[in-house]
Amino acid sequence: AGLVIVLPVLFSGFIIARKDIPTLWSWLYWFSPIAWGLRSLLVNEFRYAHTYRRRSSGVHTLPGCEDASISDGECFLRQYDYQSDKIWFALGAVVLAAYTVLFSVLQSIALDRLRHDSYAPPPTPLVVVGPGDDDHAKRDDDDDDEKDDDHERGHHHHQ
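Here's the deal with the side chain of Ser 84
Summarising the element assignment, Ser 84 is placed in the loop between helix H4 (72-79) and helix H5 (87-113). Look past the residues within four positions of Ser 84 in its chain and what remains in contact with it is Arg 47, Glu 74 and Leu 77.

Looking at the packing of helix H3 (residues 33-47) against H4
Here H3 crosses H4 at 150 degrees, and the two axes come no closer than 8 Å. When the interaxial angle is binned, H3 and H4 end up roughly antiparallel. Facing H3, whose interface residues are Leu 42, Val 43, Phe 46 and Arg 47, H4 presents Gly 73, Glu 74, Phe 76 and Leu 77. For the contact of H3 with H4, the residue count by class is five nonpolar, one polar and two charged.

Brief notes about H5
Its 27 residues place the ends of H5 39 Å apart at the C-alpha level, agreeing with the 39 Å of an ideal helix rising 1.5 Å per residue. Where H5 is concerned, the buried positions are Trp 88, Gly 92, Val 95 and Tyr 99. Looking at the buried residues of H5, the elements they touch are helix H2 (26-31) and H3.

Describing the packing of aromatic side chains
This model, assessed by the stated rule, comprises eight aromatic pairs. Ring geometry for Tyr 29 versus Trp 30: centroids 4.9 Å apart, planes at 85 degrees, classification edge-to-face. Overall, Trp 30 belongs to the partly exposed group, its relative accessible area being 37%. Pairwise contacts between aromatic rings join Trp 27, Phe 31, Tyr 99 and Phe 103 into one cluster. Over the ring of Trp 36 we find Arg 39; its NZ or CZ atom is 4.4 Å from the centre of that ring.

Comments concerning H3
Relative to the 21 Å expected for 15 residues at 1.5 Å per residue, H3 spans 21 Å between its end C-alpha atoms, a close match to the ideal helical length. All of the buried residues in H3 are Ala 35, Trp 36, Gly 37, Leu 38, Arg 39, Ser 40, Leu 42, Val 43 and Arg 47. Against H2, H4 and H5 lie the buried residues of H3. Structurally, the start of H3 carries an N-cap: the backbone nitrogen of Ile 34 is 3.2 Å from a side-chain oxygen of Ser 32.

Topic: unusual backbone geometry
Phi angles above zero are rare outside glycine, and Asp 81 is one such case at about 60 degrees. Tracing the chain through its elements places Asp 81 in the loop between H4 and H5. For Asp 81, a relative accessible area of 19% corresponds to the buried category.

A word on the pattern of salt bridges
Summed over the entire model, instances satisfying the criterion amount to one salt bridge. A salt bridge links Asp 81 to Arg 18; its shortest N-O distance comes to 3.4 Å. With Asp 81 in the loop between H4 and H5 and Arg 18 in the loop between helix H1 (2-10) and H2, this pair connects stretches of sequence that are 63 residues apart. Using a relative accessible area of 28% as the deciding quantity, one classes Arg 18 as partly exposed.

Description of the packing of H3 against H5
Where H3 contacts H5, the axes come no closer than 8 Å and their chain directions differ by 150 degrees. Our classification of the angle between H3 and H5 gives roughly antiparallel. For H3 against H5, the interelement crossing comes out left-handed. Contact with H3, carried on its side by Pro 33, Trp 36, Gly 37, Arg 39, Ser 40, Val 43 and Asn 44, involves Trp 88, Phe 89, Leu 91, Gly 92, Ala 93, Val 95, Leu 96 and Tyr 99 of H5 and no other residues of that element. Residue composition of the contact of H3 with H5, grouped by class: ten nonpolar, four polar and one charged.

Thresholds, definitions, all that
- Residues numbered from 1 in each chain as written.
- Predicted model: local features only at pLDDT ≥ 70, side-chain atom pairs only at ≥ 80, totals over all residues.
- Heavy atoms only, no water.
- Helix = DSSP H or I, 4+ residues; strand = E, 2+ residues; numbered from the N terminus.
- Contact = heavy atoms within 4.5 Å.
- Axes fitted to C-alpha atoms, helices over the stretch in contact; angles between N-to-C directions.
- Parallel < 35°, antiparallel > 145°, perpendicular 65-115°, else oblique.
- Nonpolar A, V, L, I, M, F, W, Y, C, P; charged D, E, K, R; others polar.
- Expected span 1.5 Å × (residues − 1).
- Buried < 20%, exposed > 50% of the residue type's maximum accessible area, 1.4 Å probe, protein only.
- Phe/Tyr/Trp six-rings, centres within 6.5 Å; stacked < 30°, edge-to-face > 60°.
- Lys NZ or Arg CZ within 6 Å of the ring centre and 35° of its normal.
- Polar contact = N/O pair within 3.5 Å; in protein donor to acceptor, adjacent residues only side chain to side chain.
- Salt bridge = Lys/Arg side-chain N within 4 Å of Asp/Glu carboxyl O.
- Left-handed = near helix turned anticlockwise from the far one by under 90°.

Below, the structure written as structure tokens:
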């Protein structure tokens, strides 16, 4: 179970940047629900109005962000190799909703098909017999037999 958590976190683009993920493992970046959620949050945070300001030309810039026509937010997304188009926000929401539906359906199927109680033998009832219980049970059986005999002979007991 640890790998199910560690791999999506590791390859979400946060711990290892997308450009640094080995080609053999790059499919984990696109499969990771954490990457989709993180990408959507980052695009929402850094591409919308409050961070979409133009940088002045005299401000110290990060490597790769020398172009003054891009915003600080877009510069940040480029620096960490995240997609920066606004469509990634909506796409991330759609993919996460699809993951939710897919995994809910798979869980329902698994719970329906994999019933642990169907493989176990049925439980045996626990009967505790103490001293004197056998005599009481025998007396009850004898009383029932007498009532049946009286009923067959036409005798009815009135109480």
